[in-house]
Each structure stands twice: as C-alpha cells, then as structure tokens.
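Here are the chains, one letter per residue:
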Protein chains: 2
Amino acid sequence: MAAWARAVRGLLLDVSGVLYDSGGDGGVPIAGSVEAVRRIKASGLKLRFCTNETQATREKFVKKLQGMGFDISVAEVTAPAPAACRVLKERSLRPHLLVHNDLVPEFAGIDKANPNCVVIGDAAENFTYANLNEAFRVLIGMEKPVLISLGRGRYYKETDGLKLDVGAYMKALEYACDVQAEVVGKPAKAFFESALAEMGVPPQEAIMIGDDIVNDVGGAQGCGMRALQVRTGKYRPCDENHPHVKPDAYVNNLAEAVDILLQQL
Amino acid sequence: MAAWARAVRGLLLDVSGVLYDSGGDGGVPIAGSVEAVRRIKASGLKLRFCTNETQATREKFVKKLQGMGFDISVAEVTAPAPAACRVLKERSLRPHLLVHNDLVPEFAGIDKANPNCVVIGDAAENFTYANLNEAFRVLIGMEKPVLISLGRGRYYKETDGLKLDVGAYMKALEYACDVQAEVVGKPAKAFFESALAEMGVPPQEAIMIGDDIVNDVGGAQGCGMRALQVRTGKYRPCDENHPHVKPDAYVNNLAEAVDILLQQL
C-alpha cells in the first residue's frame, strides 16, 4: 500500500513532460498518458490540468492535446496568462509584452498603451537580442520597475533538446534592472490555490503530479498538497538529490501513478 | 585641495563612457577626453586603459580609439579576453565561445575541440535564442558546469540607447544551470592587480576613473585603490545613492579629473 495515495479526491496534472513531450511539430504523447487521463475521469476523481505553458492560448494548447488523443477541455486548464490578466486589471497595469506571438490573444482585453510594467512569458523565438533590449529599456525607464513573469522554470525539454525557459530570461532582466519579478505561474502559491478552488478540493486531499522538482513538486508541497515527480519529461536522476525538495514519491510515469491511485479508491 | 588627488603615481582609465560613447558606427569622443589623455601622458603619470570591452580584439579596439584621436596603443590595454586565455591554459580548459564575432581571434591559440567549459562575453547580436540555448546545452551536459564570464556588467549605453551587457546573460545561464560564473574582467581583483603590476604602481598610489559604480569604482576600491566616478557614459544620478559603493569623489568628466590631478603634481 502506498501511503501517498490515500484519501485523494483531486488530481492536479502538469502537462508538458507528464502528458506529452513537446517539440517543434507539436509533440508526442508519453506512453500510457492518454489512457491514464481517461481512467482518472472515469474514476470520479476531480481533475485539473495545471500548466506553465505560455507558448499558446489555452484554446490552441487544448486543441493540440485533443489532437494527440487527450480528453481535455479549456475549462479544465489553469494557466499563467489568465492569472496575469487578473493581476493587471486589479492594479491598473498596462503591460509591455515579451511573450510568444501565439499567447498575445490572451491579453486582448488589456490596455497596452504607454506601458507601466513588463510581462515576460516563454517567448521562445521572440527572445531575440532586440526584444530583450527593448523590454529592458521599458523597465529601466520606470521609476519603480514592475516585472511580472509567467513562471520561473529554468529549462524544458523539446523533441530536439533542452531549451532555456522563461525563468532564465526573467533573471537576466531582474539583474539588469535590480528588481525582483512577481511570478504568477507555478510555483506561486496563489496559482495552486486557484486551481484547488476551481476543483473544490482542499490541499490535504489533492495531489500534484509533475516533472519539475521545484515548480511542480516544491510549489504544490508549499501549499499543503502531496506531490509526485514522474521520471519523464525534464526529470533528471540528480533531481533525486535536490537539496530542498523531496517528493512524496517518485513514479516512472503518469500511468504508474494512476495505477497506484486507483487501487486505493 | 582635493584629498583624493594626492600622491598619485598611476591612473587606470575605463574606456567606454569615460573616453568615448560607443555606438553602432564606432562612437563619439566625450568632450575633453582626447586632450585629457594627452595631458596625462605629458605629465609623467603612469597610465593603463582598463576595459571590459569584449566586442573586438584589442587591436581593432585600439585602432577605433586612435581614429577618434586618442593616443593609445595595444600594449597599454588590460582586457578580459587575454585574462581568460591565461585561465583556460592554466587549467587545460577547452571553451565553447559565446562571444562577439570580432573577439574570436583573441582565442586563436586555444584548443576548442570537445568543450569542457563555456566562455561568455558581450556577444551583442550573437545573443540569439539559438546561441543561448546552445551554450546552455553545453553547460548542462557537463558533470560540473564551468562558466567563465568576461565581465558582470548589467548594461551599457550606446548612441542609440541602453543595451543589456554580458552580466545579464551570465545570470540567465547561472540560473538555468545552477552554477556560479567565474568573472575574469572587472570587478575581479586579479584583473585590477594585473593592471597595477603592468604599471608597476602599488594600489595606494593608483586611482581608477570609471562610469560604472560597481565594476569600476567598487572593484578598484576592493583592491585598495582610490576610485572616481565620472558623470558621463552610463552614470545615472541614482548611482550617488548606491547602498554599498561610495566613490572617493565624483567628477563631471575625465577632463575635470585630470585638471584636478595635474594641479597636485
């Protein structure tokens, strides 16, 4: 019997590296994950997809996953861009966007004239020398620079290799402008709490499954949830010696986690 | 009488922002600086140009300054690339270079096959998304990543605006790979010490003049030298409230510093 699997009512699943490996042409499902999502839904467990994906609107992202065979809808996804929009509206902030072209529609309802903050996401090919300098100049020109980051990931894995994630570029701007970014995606506490609220499950009865030891596992545990690390995606063996974060358990992949969880129901 | 100007035998001059403002087409001398260098040389004071410039070989850099009218030769310049080459040779390191195209010839005598470290300089247009990912992959693939940085500047000023400097990109790689870069340019102590040794002047009798509060002023003071900040180049009024570094004096520009210094001789 796996102690970590007891009394679970809700599941939060990271997407990239847990459901699929992303790549230039869209990505490839991780073996067993399509079926695992189907089995979770059939079991009656509450489910929420909790992603730091900021290379596409939720609509486009969900369509890609449906194309791979996943049973997923936009309403089931918690993502950083809508969280950022809430913050921008609450504080009357007008962003200069350094994000992926495909994410821009998420900010359609936001005033961007005469910017008084910078929002940075995983801009990928938009992380050009010119664009980074431009975002830097907007920030350094403010009396009190405000930098909002849609995550703090170090890197992720695509089919053609590891890529620097938004966190690395966030650090570059933080250092250049001597500011601290406000992170609205994982591992921010508010982000996990909104996912839990959307499921209607308290943290003690929820479990996060992710491939990122800090952003998924550390972040979820910081909210009082249990968290598993899968040995897929960006997982590396040295993660198991992480100085600060220890998952409640390791599993080889999502399918194995679901096997164990469903045996406990 | 200016106390900071007494008993000086040697001068270290930062170049960009003190002698000239750099720009796409080469740059423009700062008013009075050409004449100021000439007067220092005529006075018998020892002189060393101490730059973190890594966008060109020393030969090309010196030719540009001569073209603006400065009396300067390659033998008078202390720069990060030769310092890095000494470190690479001493420790049998084979670099993957993320530097400006025009700096590559400085590494001509260095074995670069099968790299076991990354050297990062102010690569400017070479700071592309693809090149940063490549440098990152080389580093993260090492058992113990070694990152050597030719400076830690935050930003600098060109005629068309502020630009992110090597330090920002260094921070991005440090964060992504969880390593600490070894800095070989200013403000590294070894760098100032080699400039002093080349002049044959002890730190108590030398003075550094620069526009960078941390890398020029803080670095030189950390070696026991006096240091002035000029109000040209990247200087900003808020530098005068820096929490850690306080120059021995401010001067409006190099010409003013030289006026005061020569009155004391």
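Predicted, not measured: the structure shown is a model, and the values here were computed from it. (Residues numbered from 1 in each chain as written. Chains lettered and ligands numbered in written order. Predicted model: local features only at pLDDT ≥ 70, side-chain atom pairs only at ≥ 80, totals over all residues. Heavy atoms only, no water.)

### Here's the deal with helix α3 (residues 80-90) of chain A
Residues and elements named next belong to chain A.
Moving on, step 1. Judged by how many residues are buried, α3 sits mostly within the fold: 8 of 11 residues are covered.
Moving on, step 2. Turning to α3, its buried residues number three or more, namely P80, A81, P82, A83, A84, C85, V87 and L88.
Moving on, step 3. Lining the buried residues of α3 we find α2 (58-67), β6 (95-98), β7 (117-120), β8 (147-149) and α6 (189-199).
Moving on, step 4. Positive backbone phi, approximately 50 degrees, marks S92, located one or two places after α3. (Buried < 20%, exposed > 50% of the residue type's maximum accessible area, 1.4 Å probe, protein only. Helix = DSSP H or I, 4+ residues; strand = E, 2+ residues; numbered from the N terminus. Contact = heavy atoms within 4.5 Å.)

### Re the sheet that holds strand β13 (residues 226-230) of chain A
Residues and elements named next belong to chain A.
Moving on, step 1. Spatial strand order, β5-β4-β1-β12-β13-β14: 6 strands in an open sheet with parallel pairing. A single partner strand is all that each edge strand has here, and the edge strands are β5 (77-78) and β14 (249-251).
Moving on, step 2. As judged from the 2 bridges shared by strand β4 (residues 46-50) and β5, these two strands associate in the parallel manner. Bridging from a neighbouring strand, F49 pairs with V77 of β5.
Moving on, step 3. Sitting on the sheet, helix α8 (residues 254-264) touches β1 (10-13), β12 (206-210), β13 and β14, and the angle it makes with β12 is about 160 degrees. (Pairing = 2+ DSSP bridges. Axes fitted to C-alpha atoms, helices over the stretch in contact; angles between N-to-C directions.)

### Here's the deal with the packing of aromatic side chains
Moving on, step 1. Under the definition given, this model contains 4 aromatic pairs over all chains.
Moving on, step 2. Here F136 of chain A and Y155 of chain B contribute two aromatic rings whose centre-to-centre distance is 5.3 Å and whose plane-to-plane angle is 45 degrees, an arrangement assigned as tilted. Here F136 of chain A, found in helix α4 (residues 129-140), pairs with Y155 of chain B, found in strand β9 (residues 155-158), and the two come from separate chains.
Moving on, step 3. Relative accessible area serves as the criterion here: at 0%, F136 of chain A is assigned to the buried category.
Moving on, step 4. We note R154 of chain A situated over the ring of Y175 of chain B; from NZ or CZ to the ring centre the distance is 4.6 Å. (Phe/Tyr/Trp six-rings, centres within 6.5 Å; stacked < 30°, edge-to-face > 60°. Lys NZ or Arg CZ within 6 Å of the ring centre and 35° of its normal.)

### Thoughts on the interface of chain B and chain A
Moving on, step 1. At the interface, 28 residues of chain B touch 28 residues of chain A.
Moving on, step 2. Surface buried jointly by chain B and chain A totals about 2,800 Å² across both partners, of which 61% is contributed by carbon and sulfur atoms.
Moving on, step 3. For chain B, the biggest contributors to the area lost against chain A are Y129, L164 and Y175 of chain B; these three give 31% of the whole.
Moving on, step 4. Among the elements of the structure, α4 (129-140), β9, β10 (161-164) and α5 (166-177) of chain B are those that each provide at least two residues to the side of chain B that touches chain A.
Moving on, step 5. When residues of the side of chain B that touches chain A are assigned to their parent elements, the largest contribution, 8 residues, is made by α5 of chain B. (Buried area = accessible area lost by both parts, 1.4 Å probe.)

### Some remarks on the packing of α4 of chain B against α5 of chain B
Residue and element names in this part refer to chain B.
Moving on, step 1. The N-to-C vectors of α4 and α5 enclose an angle of 40 degrees; their axes lie 10 Å apart at closest approach. Of the possible angle classes, the one that applies to α4 and α5 is oblique. Along this stretch, α4 crosses α5, giving a crossing that reads as right-handed. Each of L132, A135, F136, L139 and I140 in α4 lies in contact with α5, whose residues at this interface are Y169, L173, A176 and C177.
Moving on, step 2. The residue makeup of the contact of α4 with α5, split by class, is 9 nonpolar, no polar and no charged. (Parallel < 35°, antiparallel > 145°, perpendicular 65-115°, else oblique. Left-handed = near helix turned anticlockwise from the far one by under 90°. Nonpolar A, V, L, I, M, F, W, Y, C, P; charged D, E, K, R; others polar.)

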